[in-house]
Amino acid sequence: MTSIVCRVRLSRHVLGMIQLRRCYSTPATVTLLGKQYPTDATSNVTSAIIDKVGRNLYMDPSHPLGILQSLISSHFRDFNSLTGFSPIVTPAQNFDDLGFPVDHPGRSVTDSYYINRDLMLRTHTSAHEVEVFARGERKWLLSADVYRRDEIDASHYPAFHQMEGARVFSADARGKAEVEEDNARLSHHLARSNIVIEDVPHITPSNPRQDMHDPVLAELVAHNLKLSLNSLMLTLFGDRAGVGEGEPLRVRWIEAYFPFTTPSYEVEVFFRGKWLEILGCGVVQQKTLDRAGVPDSISWAFGLGLERIAMILFSIPDIRLFWSQDPRFLSQFMAGEITTFKPYSKYPACYKDLSFWLPGTGLHDNDFCDLVRDTAGDLVQDVVLIDSFTHPKTNRSSKCYRINYCSMDRSLSNEEANAIHAQVISSLKDKFGVEIR
């Protein structure tokens, strides 16, 4: 393998970052959106995450995420588009109100960011479902930033953006007539459109309706969900799928499982030669509506990641770019237009391997990735576990990660990458007490 050395001098910003020795003892308080919160043993929000809270990229009409958010909102023109909800929620809002099992892995401190045991950063927009339903909203969209501890690569980032939509029908003859009328309208529209839909049965033994739902109404509502989202896929991808001229848009439905809906589905689109997962959806668990004080009703809901779709539509290759403030990125986009991103940099990567013996308590991959992000920021493109080893005599375990240092805006010299890597090593030893191999 040939290593490439990029010839630039160390910037003052990076030198300052390298010289700064971080203290990993948990502070007594953490400040988010101008307010202080007490911490405890559960607290795991990092400074890198705190820096992202409140940026609200999706509210900028000329940002790719804002352009996409506006496009989806305009498609559902008679839905109320909601924004501005605080990202700080309780675990009950984020999990319990939606029917998450008590042992669901998403509750773990290795998967979610906790301010303290009573407060956390939302992991999905569904954390506000009960609140919005309780306000009496019947047709709504909600856009927000969400946070999850995750791996580091070109398509994953711990702060990202989701958009959720829901529609409520009365569980009576009036609601049945409403959904039948809307199904007829949407079916007529899709029949006249250049789209091929690979469907699955609306309700099956493996993807059942809820016992309290009328079988006929449940089938109609599931069908309305599919028709509504097929229409959305046509708006988003109909003339952008990269198929031959005159070829139809292809949409595929797959049975799925989500704790907060049943039946549940995933939607895929055939885009530029391959199937891509676009969103998840389903009929809302009745206990969610009951908790919101919405009786005698039935609702569907969907949720999608704005970054996932924007990367497809705008041909943006690296999720870090959404957070860039470089004019060479931001100047390429205009409100209301889907344009193809033109790369302005081809800066080479500097790979560094890091091998260490694990502490007796172990070390979760997400803990390692958070430390790398908090130390090196967006100068890290990806982190890959390339080796795992257990010594046959001592039974000690070790891991080896490959860290790819690569700036989106300029070249990194090998010297600069070495200095950043040394700080990662120092932080790893200080925080987790590992022994470098």
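This text follows the structure it describes.
Residues numbered from 1 in each chain as written. Predicted model: local features only at pLDDT ≥ 70, side-chain atom pairs only at ≥ 80, totals over all residues. Heavy atoms only, no water.

## Focus: the overall build of the chain
The secondary structure content of the chain amounts to twelve helices and 17 strands. Expected size for 437 residues packed as a compact globule is a radius of gyration near 22 Å; at 24 Å, the chain falls within 12% of this value. Along the first, second and third principal axes, the C-alpha atoms of the chain reach 70 × 50 × 50 Å. The buried share of the chain, taken over its 437 residues, is 52%. For the chain, restricting intrachain contacts to residue pairs at least 6 apart in sequence, the fraction spanning at least 24 positions comes to 71%. For the chain, the distance from the average site of its 46 positive side-chain charges to the average site of its 53 negative ones is 6 Å. (Helix = DSSP H or I, 4+ residues; strand = E, 2+ residues; numbered from the N terminus. Rg over C-alpha atoms; globule rule 2.2 N^0.38 Å. Buried < 20%, exposed > 50% of the residue type's maximum accessible area, 1.4 Å probe, protein only. Contact = heavy atoms within 4.5 Å. Lys, Arg positive; Asp, Glu negative; His and termini not counted. Charge placed at Lys NZ, Arg CZ, Asp CG, Glu CD.)

## Let's talk about the packing of aromatic side chains
This structure, assessed with the given rule, holds 20 aromatic pairs. A centroid spacing of 6.3 Å and a plane angle of 35° characterise the contact between tryptophan 300 and phenylalanine 302, whose relative ring orientation is tilted. As far as the burial class goes, tryptophan 300 and phenylalanine 302 line up, both buried. Taken together, the ring pairs connect Phe314, Phe329, Phe333, Phe341 and Tyr344 into an aromatic cluster. In this arrangement the basic side chain of arginine 252 is found over the ring face of tryptophan 275, its NZ or CZ atom lying 4.1 Å from the centre. A cation sits over an aromatic face here: arginine 437 above tryptophan 357, 4.7 Å from the ring centre. (Phe/Tyr/Trp six-rings, centres within 6.5 Å; stacked < 30°, edge-to-face > 60°. Lys NZ or Arg CZ within 6 Å of the ring centre and 35° of its normal.)

## Let's talk about helix H9 (residues 306-314)
The element H9 is largely enclosed, with a buried count of eight among its nine residues. Among the residues of H9, those classed as buried are Leu306, Glu307, Ile309, Ala310, Met311, Ile312, Leu313 and Phe314.

## Remarks on the side chain of histidine 63
As for its position among the elements, histidine 63 is in the loop between helix H2 (47-50) and helix H3 (64-75). Once residues lying within four places of it in the same chain are set aside, the contact partners of histidine 63 are Leu57, Phe322, Phe329 and Leu330.

## Here we look at the pairing of strand S15 (residues 380-390)
Inspection of the sheet shows S15 paired to strand S16 (residues 397-405) by nine bridges, in the antiparallel sense. Residue serine 388 lies in a different strand from S16, and its bridge partner there is lysine 399. (Pairing = 2+ DSSP bridges.)

## Some thoughts on the pattern of salt bridges
Within this structure, the stated rule accounts for 20 salt bridges. Its salt-bridge partner being glutamate 416, residue arginine 410 comes within 3.0 Å of it at the nearest N-O pair. A cluster of three or more residues bridged by salt bridges with shared partners is formed by Arg167, Glu178, Asp182 and Arg185. (Salt bridge = Lys/Arg side-chain N within 4 Å of Asp/Glu carboxyl O.)

## So, the sheet that holds strand S12 (residues 274-284)
In sheet architecture, strand pairing relies on hydrogen bonds along the backbone and comes in two forms, parallel and antiparallel. Spatial ordering of the open sheet is given by S3-S7-S8-S13-S12-S11-S10-S9, a layout of eight strands whose pairing is mixed. Looking along the sheet, the strands with just one partner apiece sit at the ends: strand S3 (80-82) and strand S9 (195-198). Geometrically, the sheet is characterised by an average inter-axis angle of 25° between neighbouring strands, direction not taken into account. Where S12 meets strand S13 (residues 297-305), five bridges bridge the pair, whose relative direction is antiparallel. (Axes fitted to C-alpha atoms, helices over the stretch in contact; angles between N-to-C directions.)

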